[in-house]
Amino acid sequence: MASKFNPPQFLPPPTTLIADPELIVNGGSPLSGHVTISGSKNSALPILAATLCCSGSSNLKNVPCLSDTKTMVSILQSLGAQVMSDQFSVMALDGKGQARVSNGKGLTGVSFRLEYPSVGGTETLMMAACMAEGKTVISNAAQEPEIIDLAAFLTNCGAVVEGAGTDTLLISGRRKLYGSEYSIMPDRIEAGTYMLAAPITRSCISILPVSHSNLTCLVNKLSSAGCKLLQLSDDTLELSAVPRTIEDDLRGFSIKTNPFPGFPTDLQPLTMALLSTCKGISVVEEFVFENRMSHVAELQKFGAKIQRCGSTAMVYGKGNASPFRGSQVIATDLRGGMSLVLAGLAAEGITEISEISHVDRGYESLEMKLQGLGANVIRMTS
Ligand SMILES: CC(=O)N[C@H]1[C@@H](OP(=O)(O)OP(=O)(O)OC[C@H]2O[C@@H](n3ccc(=O)[nH]c3=O)[C@H](O)[C@@H]2O)O[C@H](CO)[C@@H](O)[C@@H]1O
Ligand SMILES: C=C(OP(=O)(O)O)C(=O)O
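Residues numbered from 1 in each chain as written. Chains lettered and ligands numbered in written order. Predicted model: local features only at pLDDT ≥ 70, side-chain atom pairs only at ≥ 80, totals over all residues. Heavy atoms only, no water.

The name given to the chain in an unreviewed UniProt entry is UDP-N-acetylglucosamine 1-carboxyvinyltransferase, and the organism recorded there is Anisodus tanguticus. UniProt lists a comment for the chain under the heading Sequence similarities (unreviewed entry), and it reads "Belongs to the EPSP synthase family. MurA subfamily." Word for word, the UniProt comment on the chain under Catalytic activity (unreviewed entry) is "phosphoenolpyruvate + UDP-N-acetyl-alpha-D-glucosamine = UDP-N-acetyl-3-O-(1-carboxyvinyl)-alpha-D-glucosamine + phosphate". (UniProt positions renumbered as here; feature names shortened; annotations may be inferred.)

**Some words on the sheet that holds strand β20 (residues 328–330)**
The strand order across the open sheet built from four strands is β20-β21-β1-β22, with neighbouring strands paired in mixed fashion. Either end of the sheet is taken by a strand with one partner, and the two such strands are β20 and β22 (376–380). Neighbour-to-neighbour, the strand axes of this sheet turn through a mean angle of 20°, independent of strand direction. Relative to β22, strand β1 (residues 22–27) runs antiparallel, the two sharing five bridges. (Pairing = 2+ DSSP bridges. Helix = DSSP H or I, 4+ residues; strand = E, 2+ residues; numbered from the N terminus. Axes fitted to C-alpha atoms, helices over the stretch in contact; angles between N-to-C directions.)

**Description of the nonpolar core**
Ranked by internal contacts, the top residues of the largest apolar core, which has 66 residues, are Y194, M195, M272, L299 and I353. Not counting chain neighbours up to four residues away, the residues in contact with I353 comprise P21, E22, L23, V25, V329, A331, L340 and V341. (Core = buried A, V, L, I, M, F, W, Y, C linked by side-chain atoms within 4.5 Å. Buried < 20%, exposed > 50% of the residue type's maximum accessible area, 1.4 Å probe, protein only. Contact = heavy atoms within 4.5 Å.)

**Focus: the pattern of salt bridges**
According to the stated counting rule, one finds ten salt bridges in the structure shown. Residue K41 is joined to D68 by a salt bridge in which the shortest nitrogen-to-oxygen separation is 3.7 Å. With a gap of 27 residues between them, K41 in helix α1 (residues 41–50) and D68 in helix α2 (residues 67–78) connect regions that are remote in the sequence. An identical accessibility class is assigned to K41 and D68; each is buried. Measuring nitrogen to oxygen at the nearest pair gives 2.9 Å for the salt bridge that ties R202 to D249. Taken together, the residues span a long stretch of sequence, with R202 in the loop between α5 (188–200) and β13 (204–208) and D249 in the loop between β15 (236–240) and β16 (255–256) at a distance of 47 residues. With respect to burial, R202 and D249 carry one shared label: buried. Through salt bridges with shared partners, a single ionic network connects K41, D68 and R361. (Salt bridge = Lys/Arg side-chain N within 4 Å of Asp/Glu carboxyl O.)

**A look at α5**
Taking 1.5 Å per residue, 13 residues should reach 18 Å; α5 reaches 18 Å between its end C-alpha atoms and fits that length. Extensive coverage of α5 is indicated by the burial of 13 of its 13 residues. A distance of 2.9 Å separates the backbone nitrogen of I189 from a side-chain oxygen at the start of α5, and that oxygen is part of D187. Downstream of α5 by one or two residues, R202 has phi in the positive range, about 50°. (Expected span 1.5 Å × (residues − 1). Polar contact = N/O pair within 3.5 Å; in protein donor to acceptor, adjacent residues only side chain to side chain.)

Encoded structure:
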């Protein structure tokens, strides 16, 4: 029977050196309009891996087109999985039940307490537990929304997973899981990024789809800063931050990152960029990743006044609408790199951000989405 899919579009990562593209931002103008949020990178990656636990094919929808998802597909292919796509957002995977244990006996369920509620650790244990004989209890489990999404996919495939979204997961292992159709949840970190893009440019934009309950910490902090958040429908949020006077301008706030439902570490660098443009002094404390402050030195090039001590930063805000000036900066990691894009949108003049491939790991159609909001952004590939 003829396949309804075109031949696979996924290629292995390039082996020759290609110059990293730059993003050029002509900033200082407000954004407006509407942005559509893609499927979640951090949900798609473990779910793509989980297809290997299944016999038969899985049909995943809303998979974001990112360098990270392409890399994951290459890994699955190198393990023997067949992957096809018609649009990038729909993938048919035949994992062929590739996951095997080499001790000849198979896995056995256990009670396991994580020392730290690691997201990747919880996801790996969930997949192993589904393949194991008997019951597994994972305590001190991560509670991130992406854990709930993985549990929902595994359940769709025939697994029995209870407690996802709490600190205790109970999994009754099944020998056989069957591939299924599943739609990846929207990316809460991308949504949070655009929720920060509006206030840093003192703009009003609408964002869809956004789950309020996945971003409660950010919503509360932005409200305390003076942003107006309006729920236009179940999953559409309008974010307005257009102060009429300098006195009315956004106020700084302090954050401490923590596992969900705490303030997400992935939004910390972007929030720091916003805080640099707000009134007053803000304190940013990074409690999840020991080394997530490399954006500080780059934000300082825009004129941001930030004093760093280890994993804590004091941000001395300025209180004007556009205190940043355009700059030449380097993205050193995904979210730190995106904080420079936000700073560039707020800055007067031209910003050149090199090594933008870090940002491409996590933001689908970056310049297209920003251009759709009226931003003056282009990609330069030499
Ligand atoms: C692909 C993906 O989903 N990435 C996300 C995932 O990363 P990832 O799954 O790697 O994050 P973890 O929750 O495992 O790690 C968070 C922190 O805990 C530490 N740690 C981890 C395991 C452990 O046994 N002991 C320990 O101390 C790590 O060194 C790190 O400092 O969750 C992070 C925390 O929300 C997010 O920032 C990442 O975007
Ligand atoms: C750090 C991130 O991802 P990863 O764990 O894949 O590096 C992220 O999504 O912010």
